[in-house]
Amino acid sequence: MSYNRAEYDTEALRHNVALARELVGPKCKILAAVKANGYGMGAIPMAHTLLEEGVDYLAVAILEEALELRANGITAPILVFGAIPPKEMAKAVYNEITLTIYSFEGACMADYLSGELGKKARVHIKLDTGMHRLGFPLREDSLGKIKVISEMPNLDVEGIFSHLSQADCSEIFTQKQIASFRRFVDTLEQGGVHFRLRHLANSVGILDFPESHFDMVRAGIMLHGFGSQSKNSQKLKEVMSLKSAVVRLHDVDPGAEISYTGSYKATSLRRIATVPIGYADGYFRCLSNKAWVLVGGKRVPQVGNICMDQLMIDVTEVPDVNIGDEVVLIGSQGDETISCSEVANWAGTITYEILTSLKRVPKYYYFEDDD
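On a predicted model such as this, the values are computed, not experimentally measured, just so you know. (Residues numbered from 1 in each chain as written. Predicted model: local features only at pLDDT ≥ 70, side-chain atom pairs only at ≥ 80, totals over all residues. Heavy atoms only, no water.)

A. The overall build of the protein, seen in detail. Tallying secondary structure elements over the protein gives 11 helices and 21 strands in all. Along the three orthogonal principal directions, the C-alpha set of the protein runs to about 80 × 45 × 40 Å. Within the protein, the proportion of its 371 residues that are buried is 52%. When contacts within the protein are restricted to residue pairs at least 6 apart in sequence, long-range pairs at least 24 apart make up 66% of them. Accessible area for the protein stands at about 16800 Å²; split by element, carbon and sulfur atoms hold 50% of it. (Helix = DSSP H or I, 4+ residues; strand = E, 2+ residues; numbered from the N terminus. Buried < 20%, exposed > 50% of the residue type's maximum accessible area, 1.4 Å probe, protein only. Contact = heavy atoms within 4.5 Å. Areas by Shrake-Rupley, 256 points an atom, 1.4 Å probe, with all protein chains shown as cover.)

B. Layout of unusual backbone geometry. Positive phi is not limited to glycine here, since Tyr-39 has a value of about 55 degrees. Note on placement: Tyr-39 falls in helix 2 (residues 35-39). The exposure class of Tyr-39 is buried, given its relative accessible area of 6%.

C. Fine view of the side chain of Thr-351. In this structure, Thr-351 sits in helix 11 (residues 351-356). Sequence-distant contacts of Thr-351, that is, excluding residues within four places in its chain, are made with Ile-221, Phe-226, Cys-340, Ser-341 and Ala-344.

D. Molecular detail of helix 5 (residues 86-94). For helix 5, every residue scored as buried is listed here: Glu-88, Met-89, Ala-92 and Val-93. In an axial view of helix 5, the angular spread of the buried residues amounts to 155 degrees, which keeps them on one side of the axis. Facing away from the buried side of helix 5 by more than 90 degrees, the exposed set consists of Lys-87 and Tyr-94. Of the surrounding secondary structure, the elements contacted by the buried residues of helix 5 are helix 4 (63-71), strand 5 (99-101), helix 6 (104-117) and strand 6 (121-128). (Arc of directions from axis to C-beta.)

E. Broad picture of helix 4. Within helix 4, the full set of buried residues consists of Leu-63, Glu-65, Ala-66, Leu-69 and Arg-70. One side of helix 4 holds all its buried residues, which, seen down the axis, span an arc of 160 degrees. Exposed residues on helix 4 whose side chains face more than 90 degrees from its buried face are Glu-64 and Ala-71. Residues of helix 4 that are buried make contact with helix 2, helix 3 (43-52), strand 3 (57-60), strand 4 (78-80) and helix 5.

F. Structural context of the nonpolar core. Membership of the largest hydrophobic core comes to 119 residues, with the highest contact counts inside it found for Leu-69, Ile-125, Tyr-283 and Ile-313. Within the second largest apolar cluster, 7 residues are counted, among which are Ile-258, Ile-272, Cys-307 and Met-312. (Core = buried A, V, L, I, M, F, W, Y, C linked by side-chain atoms within 4.5 Å.)

G. Looking closely at the pairing of strand 6. Counting buried positions over the 8 residues of strand 6 gives 7, a clear majority of the element. Taken together, the 3 bridges between strand 5 and strand 6 define a ladder with parallel strand orientation. Its bridge partner lying in strand 6, Leu-99 is registered against Val-123. Each parallel crossover has a hand, and the one from strand 5 via helix 6 to strand 6 is right-handed. Bridge count for strand 6 against strand 8 (residues 155-161) is 6 bridges, and the pairing is parallel. In the strand pairing of strand 8, His-124 is matched with Gly-159. (Pairing = 2+ DSSP bridges. Right-handed = clockwise from strand over helix to strand, strands pointing away.)

H. Region of interest: the pattern of salt bridges. Evaluated as defined, the whole model comprises 24 salt bridges. For Asp-141, the salt bridge goes to Arg-139, with nearest N and O atoms at 3.1 Å. Residue classification places Arg-139 among the partly exposed residues on the basis of a relative accessible area of 47%. Glu-326 is the salt-bridge partner of Lys-243, the closest N and O atoms lying 3.7 Å from each other. (Salt bridge = Lys/Arg side-chain N within 4 Å of Asp/Glu carboxyl O.)

Here it is in structure tokens:
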């Protein structure tokens, strides 16, 4: 059994879903993103918990993730955000997985394959409102193409959507995206193309831009406890904690050079603890000599270059440290907390990357009644 553990508080997850529901109201549907193995949490346990809380739709990035959900008995609607290779599209249609259509050619392929299977594929049209990733551009010719797609006999054009690409940093750009999305969809509706689900809001849209909610919203990172600097975001609860343990203790003399390249040199007699977690576990090497962890309820510095499977910390200022003592890399211990956002800042990245990088770390799920 590993000393390392990523712990997931399912009650915090339920709390964050409830906050999303409070913000969007009872009539707006909630789509929950469980891509990238549930942002590291585990797509299957996360999906089951979310569905128990009444989310209406699930979403993933690639077809394989959707098929995994289906193979584990999940029958709820699933939208694949990304591109599906033509040779794999029949699998999606057969398993009643909703396709993202972002080109006329893709629509034709989906219509043809659905006809061959004797099925009707459920699809959502993707618009490019300014991110320049996937989607129909907001041009006159796109209106005509989408009109034709809506009339294809083997497609159920259930929804239309786009993505807020700067909601966490530019209100002006976000408002332009919301307005352009609304105008384009209204033009389609006036031309006889109707959609049951219009969706634009991501997590920050849910939290900070109620005008972006439309018929459905897409909750992703907020489910794990992260949003913006807004008052609503402060109500979120972090779901994941990352823990390990002390496996070696020893004293080093002044001048001792610790780890690869000797990137840390002791300036006095120091007590060093070894912790069996490293960059292969998702605790990035770029955190070397920048990160802090919790031992005995106190913050202590990580020292020396982080290794593939281990790292060292300086516990000189913590009394009575013993082999086997808990080390918290993300989470709380006593009155101290190290948030995932803080670790991401030290690494020069975002919380998404931290959460999805913990692939080798065993996962544990905690519920309200657990000790």
